[in-house]
Amino acid sequence: MAVNKEEVREVVEKIEGVFDKVTAALPSKAKEFLREKILGGVIKEIKEYVTESRPPSLFLIGRSGHGKSSLINSLTNREVAEVGDVKPTTPETRCYNIVFEGLYSSWNVCDSRGLFETTTPEGASLENAKERLKKDLVEKKPDILLHVVSATEVRNLEQDFIVYKEIQHVLEKELGVLPPTIMVLTKVDHLGNPREWPPEEYPEKKKIIREVLDYMLCDVIKGKLGEDVNLVPLVAGEPERGYVVEGKVEKMAGYIGIIPVCALAGEWWNIEKLSEFIGSKLPASAVLQFFQAQRRKGLMKKFAGKMVNIFSRIAGGIGASPMPISDIMVLLPLQYSLIALIASLSCRKMSQETVEEFLAACRTTTLVGIGLRELFRQLIKIFIGPGAVLSAAIAAAGTWVIGQGAIWYFFDGITGKELLRRMKEIWKEKIKEMKERFKNKG
Ligand SMILES: Nc1nc2c(ncn2[C@@H]2O[C@H](COP(=O)(O)OP(=O)(O)OP(=O)(O)O)[C@@H](O)[C@H]2O)c(=O)[nH]1
Ligand SMILES: [Mg+2]
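What comes next concerns the included structure. Remember, it's a predicted structure, so these values are computed and weren't measured experimentally.

How each quantity is defined
- Residues numbered from 1 in each chain as written.
- Chains lettered and ligands numbered in written order.
- Predicted model: local features only at pLDDT ≥ 70, side-chain atom pairs only at ≥ 80, totals over all residues.
- Heavy atoms only, no water.
- Core = buried A, V, L, I, M, F, W, Y, C linked by side-chain atoms within 4.5 Å.
- Buried < 20%, exposed > 50% of the residue type's maximum accessible area, 1.4 Å probe, protein only.
- Helix = DSSP H or I, 4+ residues; strand = E, 2+ residues; numbered from the N terminus.
- Contact = heavy atoms within 4.5 Å.
- Near = heavy atom within 4 Å.
- Polar contact = N/O pair within 3.5 Å; in protein donor to acceptor, adjacent residues only side chain to side chain.
- Areas by Shrake-Rupley, 256 points an atom, 1.4 Å probe, with all protein chains shown as cover.
- Axes fitted to C-alpha atoms, helices over the stretch in contact; angles between N-to-C directions.
- Parallel < 35°, antiparallel > 145°, perpendicular 65-115°, else oblique.
- Left-handed = near helix turned anticlockwise from the far one by under 90°.
- Nonpolar A, V, L, I, M, F, W, Y, C, P; charged D, E, K, R; others polar.
- Phe/Tyr/Trp six-rings, centres within 6.5 Å; stacked < 30°, edge-to-face > 60°.
- Lys NZ or Arg CZ within 6 Å of the ring centre and 35° of its normal.

Another point: the nonpolar core. With 94 residues, the main nonpolar core has Leu 71, Ile 182, Ile 278, Leu 345 and Phe 358 as its most contacted residues. Looking at this core element by element, the count peaks at eleven residues for helix H13 (residues 392-412). Contacts of Phe 358, omitting those with residues within four sequence positions, involve Ile 339, Ile 402, Gly 405, Ala 406, Tyr 409, Phe 410, Leu 419 and Met 423. In this structure, Phe 59, Ile 167, Leu 217 and Cys 262 belong to the second largest nonpolar core, which totals 42 residues.

Next up, the structure:
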């Protein structure tokens, strides 16, 4: 099971029903306002990320044998591309639509093999290669370009960069913008002593990876750091896991990041971090299928966290309400859909029963035969207190706590007293934060 668009559509319909019930007693102006703010906001996000989701489109360039196919296999978390040492004879681009059975996902991947083999900056073949790549990129419109370079060969690749820059120049002129481009340094396990692996166990290995990254950035790419461009480690405190370029990427030869990996089957390293980074750069509509296909719990959990943040922000939007809306229950449809969405991201069925199961798990005693509305009321009472007046801050914080709780329940199997304890703890933190903010405002 995974997120199924059809199932989501059904739930959205149900949510509309719940919404109408919850707001039935409100004046029509308030109803309209909430319909637009809350329901409209939720439906827009669900549409963008889920019901209108589409396959991500990745485009790989790089020399033969540098690990493009291995990289695709490592990212997809299975064997989909042929790995080998056969030399390509033509610079033809091969495109695949990879369908992930049972995961409601597919990817479009293009592998422009051999581009650099047949080209030199002076040769006529460069013109052909540029034309070909331009045509392919215009046709495929990739979301992300991955430039795959073997870390063991970076010292022999200056020629490639001259060619790459030429191509980039042409593309920018023709397309206006270049797709976000990430340099992926493969085979870092082969730097230094290949037996010293993984880097976590060998500080020397980390040092060599850092040196290669520096060499690449300073001497090959010839990046110019300054006020308008900065390098931020992909993982704080672990520069060997690569850098993200912030600011003017043109000053870093157009790369938005440079990430070292090991893509050798069985020895994967830094792949999940690379994947997270790619996911953060994809358009909203391509994110779900990109993550879902990989069957990586960590990635889906992060995606769920992102949804919690988005939904909390929508809940906070009622602060702009032109009339006092005191009933916290107006948030029910929003929180209901959030819980349902998190459940299905964790590969559970997206249904009312699943939502109710979570709500019941938030209680220490099992509540049988209590309606959904009552369950919510109880849950809200625990955190917000009876008769609380809904403010933007409370709406956002309450939604965030409920979403976080759903992540713990569906992804980590935490339930009962422990679940409640954790939720109360983060709720207390949120209250403290809110108080601080009010104090600072004077
Ligand atoms: N040690 C190590 N070997 C790797 C890594 N990535 C790929 N390889 C090996 O390098 C060889 C070539 O890898 P491929 O993935 O086929 O390279 P490719 O870029 O797709 O090559 P072409 O299809 O010919 O363009 C294979 O033997 C892989 O097992 C890596 O990160 N570490
Ligand atoms: Mg290949």
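This part is about the site of ligand 1. The environment of ligand 1 is formed by 19 residues, the closest being Ser 64, Gly 65, Ser 70, Asp 189 and Ala 263. Residue Gly 65 places a main-chain N or O atom 2.8 Å away from an oxygen atom belonging to ligand 1. Backbone polar atom of Gly 67 to an oxygen atom of ligand 1: 3.0 Å apart, as the coordinates give it. When isolated, ligand 1 has an accessible area of 650 Å², and the protein chains bury 90% of it. At three residues, the largest contribution of residues to the shell around ligand 1 is made by helix H3 (residues 68-76).

As a packed pair, helix H9 (residues 297-316) and H13 sit with axes 8 Å apart at the nearest point and diverge in direction by 160°. One way to sum up the angle between H9 and H13 is to call them roughly antiparallel. Relative to H13, the crossing made by H9 is right-handed. Contact residues: H9 offers Lys 297, Met 300, Lys 301, Ala 304, Gly 305, Val 308, Asn 309, Phe 311, Ser 312, Ala 315 and Gly 316, while H13 offers Ala 392, Ala 395, Ala 396, Thr 399, Trp 400, Gly 403, Gln 404, Ile 407, Phe 411 and Asp 412. Of the residues assigned to the contact of H9 with H13, the class counts are eleven nonpolar, seven polar and three charged.

What follows deals with the packing of aromatic side chains. Enumeration over the complete set of coordinates arrives at twelve aromatic pairs. Aromatic side chains Phe 161 and Tyr 255 sit 6.5 Å apart centroid to centroid with 65° between the ring planes, which places their arrangement in the edge-to-face category. Here Phe 161 is found in helix H5 (residues 158-175), whereas its partner Tyr 255 is found in strand S8 (residues 255-260), with 94 residues between them in sequence. Residue classification places Phe 161 among the buried residues on the basis of a relative accessible area of 6%. Judged by centre distance (5.9 Å) and plane angle (55°), the ring pair of Phe 358 and Tyr 409 falls under tilted. Residue Phe 358 is located in helix H11 (residues 352-361), and its partner Tyr 409 is located in helix H13; the two are separated by 51 residues in the primary sequence. In terms of burial, Phe 358 and Tyr 409 fall into one category: buried. Taken together, the ring pairs in this structure connect Tyr 49, Phe 100, Trp 107, Phe 290, Phe 291 and Phe 303 into an aromatic cluster. The ring of Tyr 215 has Arg 155 sitting right over it, with the charged end atom 4.3 Å from the ring centre. Across the ring face of Trp 408, the terminal group of Arg 422 is positioned such that the distance to the ring centre comes to 5.2 Å.

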